Amino acid sequence: MSMQSDLELVSLTKRYGDALAVDAISHHFKAGVYACLLGPSGCGKSSTLRMIAGHESVSDGSIVLGGRDVSHLPPAKRGTAMMFQSYALFPHLSVRDNVAFSLRMAGVDKATRLKRADEMLALVEMQKYADRKPDQLSGGQQQRVALARALITRPQVLLLDEPLSALDPFLRIRMRSELKKLQRELGISFIHVTHGQDEALALADEIIVMNNAVIEQSGPAREVFNAPRTAFVARFMGGHNVLDLPQGKFALRSDEMVVTPAAAGKIDGRVSGIEYQGTHVALTATVAGEQDVTALIPEAQFFETPRDLGEVIGLGWDERAAHPLAS
Ligand code: ADP
Ligand code: MG
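Source: prediction; values computed, not measured.

Asker: When you look at the overall build of the protein chain in this model, what are you seeing that I'm missing?
Answerer: When you go through the protein chain residue by residue, the secondary structure sums to 9 helices and 18 strands. Within the protein chain, the fraction of its 327 residues that count as buried is 49%. When contacts within the protein chain are restricted to residue pairs at least 6 apart in sequence, those whose partners lie at least 24 apart make up 63%. As displayed, the protein chain offers around 15,400 Å² of accessible surface, 51% of which is attributable to carbon and sulfur atoms. Separation between the mean location of the 35 positive side-chain charges and that of the 38 negative ones in the protein chain comes to 9 Å.

Asker: In this structure, what is going on with the domain arrangement of the protein chain? I would like to understand it.
Answerer: Frequently, the measure chosen for interface size is the accessible area that the parts lose on association. By the assigned domains, the protein chain splits into domain 1 (3-226) and domain 2 (240-324). Each of domain 1 and domain 2 was reduced to a C-alpha centroid, and the two centroids are 40 Å apart.

Asker: Help me understand helix α3 (residues 110-123), please; the structure alone is not making it clear to me.
Answerer: Working note: α-helix, 3.6 residues per turn, so residues spaced by three or four point in the same direction. Between the first and last C-alpha of α3 there are 20 Å, a value that for 14 residues agrees with the 20 Å anticipated at 1.5 Å per step. By the burial criterion, the buried members of α3 are R113, R116, A117, M120 and L121. The buried residues of α3 occupy an angular sector of 140 degrees when the element is viewed end-on, so they sit on one face. When the buried face of α3 is taken as reference, the exposed residues oriented beyond 90 degrees from it are A111 and K115. Next to the buried residues of α3 lie α2 (95-105) and α4 (139-151). E125 sits one or two residues past α3 and shows a positive phi near 55 degrees.

Asker: Before we go on, may I ask you to explain the state of the cysteines in this structure?
Answerer: Each disulfide consists of a covalent bond between the sulfur atoms of two cysteine residues. Summed over all chains, the structure comprises 0 disulfides. Left without a disulfide partner, C36 is nearest to the cysteine sulfur of C43, which lies 13 Å away. According to the relative accessible area criterion, C36 is buried, its value standing at 0%. The buried category is assigned to C43, whose relative accessible area is 2%.

Asker: Please explain the site of ligand 1 as it appears in this structure.
Answerer: By nearness alone, every residue bordering ligand 1 is listed as Y16, A21, P40, S41, G42, C43, G44, K45, S46, S47 and R50. For ligand 1, an oxygen atom lies 3.2 Å from a polar atom in the backbone of C43. With respect to ligand 1, the side chain of S47 contributes an N or O atom lying 2.6 Å from an oxygen atom. With the chains in place, 57% of the 560 Å² that ligand 1 exposes on its own is no longer accessible.

Asker: Help me out: how do you make sense of α2 in this one?
Answerer: Three or more residues of α2 are buried, namely V95, N98, V99, A100 and L103. Where α2 is buried, its residues touch α3 and α4. G107, located one to two residues past α2, shows a positive phi value of around 80 degrees.

Asker: What am I meant to see in unusual backbone geometry here?
Answerer: Among all residues except glycine, the phi angle is most often negative; among peptide bonds, the trans geometry is most common. The phi torsion at E125 lies on the positive side, around 55 degrees, for a residue other than glycine. As for its placement among the helices and strands, E125 is situated in the loop between α3 and α4. Take E125: its relative accessible area is 56%, and that puts it in the exposed class. Even without glycine at this site, E290 takes up a positive phi of about 55 degrees. Within the secondary structure, E290 sits in the loop between β15 (280-287) and β16 (291-298). Judged by its relative accessible area of 70%, E290 falls in the exposed class.

Asker: Sorry if this is basic, but what is going on with the side chain of S94 here?
Answerer: Inspection of the secondary structure puts S94 in the loop between β6 (80-83) and α2. What S94 contacts, discounting residues up to four positions off in sequence, is A130, D131, R132 and K133.

Asker: Is there a simple way to think about the packing of aromatic side chains in this case?
Answerer: The relative placement of two aromatic rings is captured by the distance of their centres and the angle of their planes. Under the counting rule described, the total for this entry stands at 6 aromatic pairs. When the centroid spacing of 4.6 Å and the interplanar angle of 50 degrees are considered together, the rings of F90 and F101 count as tilted. Taken as a pair, F90 in the loop between β6 and α2 and F101 in helix α2 lie far apart in primary sequence, 11 residues in all. What makes F101 partly exposed here is its relative accessible area of 22%. Ring centres 5.5 Å apart and planes at 15 degrees place the aromatic pair F232 and F236 in the stacked group. Within this pair, F232 and its partner F236 are both found in helix α8 (residues 231-237), separated by 4 residues, close to a single helical turn. Taking relative accessible area as the criterion, F232 reaches 22% and is therefore assigned partly exposed. Cluster of aromatic residues (ring-pair linked, three or more members): Y276, F302 and F303. Over the aromatic face of F90 sits the side chain of R149, whose NZ or CZ is 5.8 Å from the ring centroid.

Cut-offs applied
- Residues numbered from 1 in each chain as written.
- Chains lettered and ligands numbered in written order.
- Predicted model: local features only at pLDDT ≥ 70, side-chain atom pairs only at ≥ 80, totals over all residues.
- Heavy atoms only, no water.
- Helix = DSSP H or I, 4+ residues; strand = E, 2+ residues; numbered from the N terminus.
- Buried < 20%, exposed > 50% of the residue type's maximum accessible area, 1.4 Å probe, protein only.
- Contact = heavy atoms within 4.5 Å.
- Areas by Shrake-Rupley, 256 points an atom, 1.4 Å probe, with all protein chains shown as cover.
- Lys, Arg positive; Asp, Glu negative; His and termini not counted.
- Charge placed at Lys NZ, Arg CZ, Asp CG, Glu CD.
- Domains from an automatic or database assignment.
- Expected span 1.5 Å × (residues − 1).
- Arc of directions from axis to C-beta.
- Disulfide = S-S within 2.5 Å.
- Near = heavy atom within 4 Å.
- Polar contact = N/O pair within 3.5 Å; in protein donor to acceptor, adjacent residues only side chain to side chain.
- Phe/Tyr/Trp six-rings, centres within 6.5 Å; stacked < 30°, edge-to-face > 60°.
- Lys NZ or Arg CZ within 6 Å of the ring centre and 35° of its normal.

Written out as structure tokens, the structure reads:
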């Protein structure tokens, strides 16, 4: 098992020419955390990850791992390892040689590196494929090999850039539980970049939401979901309505909305959408100011009092469910 270390980003900045891709972000990752960097395309997630890995230079600020400033060390000297967006296995090498590759580069003798490669393949349950070539593997199997290849250097921090994006939805869900299990077994930190909020919620001890090159909010997954601080976070996490009313702007979970007869709730709205979702029905209503509000209603409850498009309804909620927003 690897040594455990906290990772600290201090005013970390990335500029590409005049463009600011990462704007002085600071964050403390506790040792052994499963952290997800979450945000829309272009917000600076990959740049942040690549700077941590040492595959991209730091424009300003620093990266401190286990109390040591690693900002200017080469990737192999940092104690980090990166699993790339595309797994990029070497097609001409066997699975075992792919996994052993970085040890070969480091000059480790053949017997040792093959033994370590077999240990890593056992860890990801791929021993029996050791002699195959990458193109003889499924997408999920290739991904496990890529993981083994990243882990063989015994990193303190594993960096994963959208590791599940190339998989079909079924495999994606299976692989994400395997990632979580592996992280628990190894006890090292995983920093996982994703633009999918469901993936972040499913995996992360801590979610770091990025937007426009800065960290918009960070915290435990439940806290970020239940108490979004900004309209952006509420919208991006999904499952929330952002309501701008005379008393202020706030976020309100769709499953906390109560549908009432007209004038019996807090506000009235006209039903503009009804979507059957299996366990729930998503009812959308347009309220004052042309704002769309979604109420997620358990399906049995909806069909007890079905609503029609165009119908005027009331919408209510418990005051405690309304979270004021900063912007
Ligand atoms: P994300 O991973 O969140 O999609 P990136 O870190 O890849 O975001 O990109 C952040 C911003 O930096 C984007 O505007 C992107 O176009 C720009 N960018 C990324 N890589 C480069 C590069 N090598 N040269 C110039 N601009 C880049
Ligand atoms: Mg990216």
